[in-house]
Amino acid sequence: PCVSYYFGIYGFEITRPILTEHFSLLPRFTAFAEAQGMAADGTKFHLTAVGMVNDQPDDEALFNLTAALTFCQQRWVAASQVVSLPDAVEASEVMGQFPALMSIAPGRGSHGEAIGSDTFYPEARSKFLNLCMGKLADKTFNDATGFRPAFFRHVESWRLYNPFVDLTYYLDFSALEILARTPQNNRRGSIAYLAAGLLKKHGFDVKINDTTDRRRGIQTYAHLRNALFHNGEWVASFEENKVPVTLKLSDYEDKLRRLVPDLLLRVLGYEDDHINWDRWLDCMPWK
């Protein structure tokens, strides 16, 4: 008998179908409040959608999809194994083939979604997923930009069972460094100089070093990286123009956490007039 291939999606907010090259995503809930509540549960993986394979199962495409969903949600999203079901099974019965809860229950923190809800921005998530999936599979693009390795470093920071700041900061700074160094094939130059140049190219209001607003100075994050990685300390202390300066990781790590995904979106070429690109500082995600 003819069969189709399906998998369960856990923890992704979706209220309308999404069609990509490899998969069709079908929501379990169509009401925003229910879909949001299930996706945002910080302690459980709820079944929120079913994915249908459009052709034949492709492990790498599914790997890329779960990463893209996690990035979109800025919260760990998981998928079940692919199962085959007879074509005679009604679409309404497919959802019942997967458990409503995934057995593992990690902490699923988030700073807020990167791509707006499809209830308010109907095309945003579909547009992002199609663009992202295409670029993740584009070797020429990734060799030129470093997008794929940087993207997965950031995504993995959301898939940690114990998201210690030491680990999340390392992964985010590493992503920033890859994006900054790869286009120029520059492995030795100042990371603050290179990263500030890339960020300004993509429209971010930053400087190499800013003594009046340390948040916008990329050297701030480099100082904290060095203190954390080399000394295992959450405080960077140094002299600047003979004036003692102390920077605390707790004051800045969340800024980098929000900046990196927006830079990834810019490198990806994702356009969305609703995004406030200064949200990494003011925490106002939408215009």
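One can find the structure itself at the top, above this paragraph.
Residues numbered from 1 in each chain as written. Predicted model: local features only at pLDDT ≥ 70, side-chain atom pairs only at ≥ 80, totals over all residues. Heavy atoms only, no water.

## As for helix 4 (residues 124-136)
For helix 4, spanning 13 residues, the distance from its first C-alpha to its last is 18 Å, which sits close to the expected 18 Å at 1.5 Å a residue. Looking at helix 4, one finds that the buried residues are A124, R125, S126, F128, L129, C132, M133 and L136. Tucked inside the fold, the buried residues of helix 4 contact strand 2 (18-19), strand 3 (23-27), helix 2 (59-73), helix 5 (139-145), helix 6 (147-157) and helix 10 (249-268). (Helix = DSSP H or I, 4+ residues; strand = E, 2+ residues; numbered from the N terminus. Expected span 1.5 Å × (residues − 1). Buried < 20%, exposed > 50% of the residue type's maximum accessible area, 1.4 Å probe, protein only. Contact = heavy atoms within 4.5 Å.)

## Overview of the environment of L101
For L101, the location among the structural elements is in the loop between helix 3 (91-94) and helix 4. Spatially, the C-alpha atom of L101 lies 7.3 Å from that of K44, the residues being 57 residues apart in sequence.

## Concerning the pattern of salt bridges
One pass over the full model with this rule turns up 16 salt bridges. The salt bridge involving R181 is made with E177; its shortest N-O contact spans 2.8 Å. Placement of the pair is R181 and E177 together in helix 7 (residues 165-181), with a separation of 4 residues, close to one helical turn. Across the pair R216 and D278 runs a salt bridge, and its minimum N-O distance is 3.1 Å. Of this pair, R216 sits in the loop between helix 8 (191-201) and helix 9 (218-231) while D278 sits in the loop between helix 10 and helix 11 (279-282), placing them 62 residues apart in sequence. Through salt bridges with shared partners, one network takes in D205, D213, R215, R216 and D278. (Salt bridge = Lys/Arg side-chain N within 4 Å of Asp/Glu carboxyl O.)

## Re empty space enclosed by the protein
The gaps of empty space that remain are located by a probe, the size of a water molecule, rolled over the atoms. Scanning the model with the defined rule gives 1 cavity of 30 Å³ or more in all. Taken as a whole, the largest cavity encloses approximately 30 Å³ of empty space. Along its surface, the largest cavity is lined by F23, V53, P57, D58, D59, L62 and V82. Of the residues in the lining of the largest cavity, the class split is 5 nonpolar, no polar and 2 charged. (1 Å grid on protein atoms, 1.4 Å probe; cavity = no way out; pocket = protein on both sides within 12 Å on 5 of 7 lines; lining within 4 Å. Points joined across faces, edges and corners; volume = space filled by probe spheres on them. Nonpolar A, V, L, I, M, F, W, Y, C, P; charged D, E, K, R; others polar.)

## Looking at a negative patch on the surface
Taken together, the side chains of E21, D55, D58 and D59 make up a negatively charged region of the molecular surface. On the secondary structure map, D58 appears in the loop between strand 4 (47-53) and helix 2. Residue classification places D58 among the partly exposed positions, given a relative accessible area of 33%. (Patch = residues over 30% accessible without salt bridge, like charges linked within 9 Å, V, L, I, M, F, W, Y side chains within 5 Å. Areas by Shrake-Rupley, 256 points an atom, 1.4 Å probe, with all protein chains shown as cover. Lys, Arg positive; Asp, Glu negative; His and termini not counted. Charge placed at Lys NZ, Arg CZ, Asp CG, Glu CD.)

## Quick word on the environment of D172
Here D172 is to be found in helix 7. According to the relative accessible area criterion, D172 is buried, its value standing at 1%. As a C-alpha pair, D172 and F23 span 149 residues in sequence and 29 Å in three-dimensional space. The residues touching D172, leaving out its near neighbours within four places in the chain, are H154, S157, L256, R257 and V260.

## Topic: the packing of aromatic side chains
Under the defined criterion, the tally for this structure stands at 16 aromatic pairs. A centroid spacing of 5.3 Å and a plane angle of 85 degrees characterise the contact between F7 and F23, whose relative ring orientation is edge-to-face. Of this pair, F7 sits in strand 1 (residues 3-10) while F23 is found in strand 3, placing the two residues 16 residues apart along the sequence. For F23, a relative accessible area of 2% translates into the label buried. An aromatic cluster is present here, built from F63, F71, F128, F141, F147, F151, F152 and Y270 joined pairwise through their rings. The side chain of K135 reaches across the aromatic face of F141, ending 4.6 Å from its centre. (Phe/Tyr/Trp six-rings, centres within 6.5 Å; stacked < 30°, edge-to-face > 60°. Lys NZ or Arg CZ within 6 Å of the ring centre and 35° of its normal.)

## Side note on unusual backbone geometry
One non-glycine residue, K242, lies in positive phi territory at about 65 degrees. Note on placement: K242 falls in the loop between strand 7 (235-240) and strand 8 (243-248). If you check the backbone angles, C283 has positive phi at about 60 degrees while not being a glycine. Considering the arrangement of structural elements, one finds C283 in the segment after helix 11. C283 sits in the partly exposed class, given a relative accessible area of 40%.

## Quick notes on the layout of surface pockets
If you add up the space inside the largest pocket, you get close to 250 Å³. Lining the largest pocket are 13 residues, and of these H111, G112, E113, R258 and R279 sit closest to its centre. At 4 residues, helix 10 tops the list of elements feeding residues into the lining of the largest pocket. Approximately 200 Å³ is the volume found for the second largest pocket. Taken together, T145, L179, A180, P183, Q184, Y193, L194, G197, L198, K201, H202 and V267 make up the lining of the second largest pocket. Per-element tally for the lining of the second largest pocket: the top contributor is helix 8, with 5 residues. Partitioning the lining of the second largest pocket into residue classes produces 7 nonpolar, 4 polar and 1 charged.

Read these as layout, nothing more, since geometry by itself doesn't imply function.
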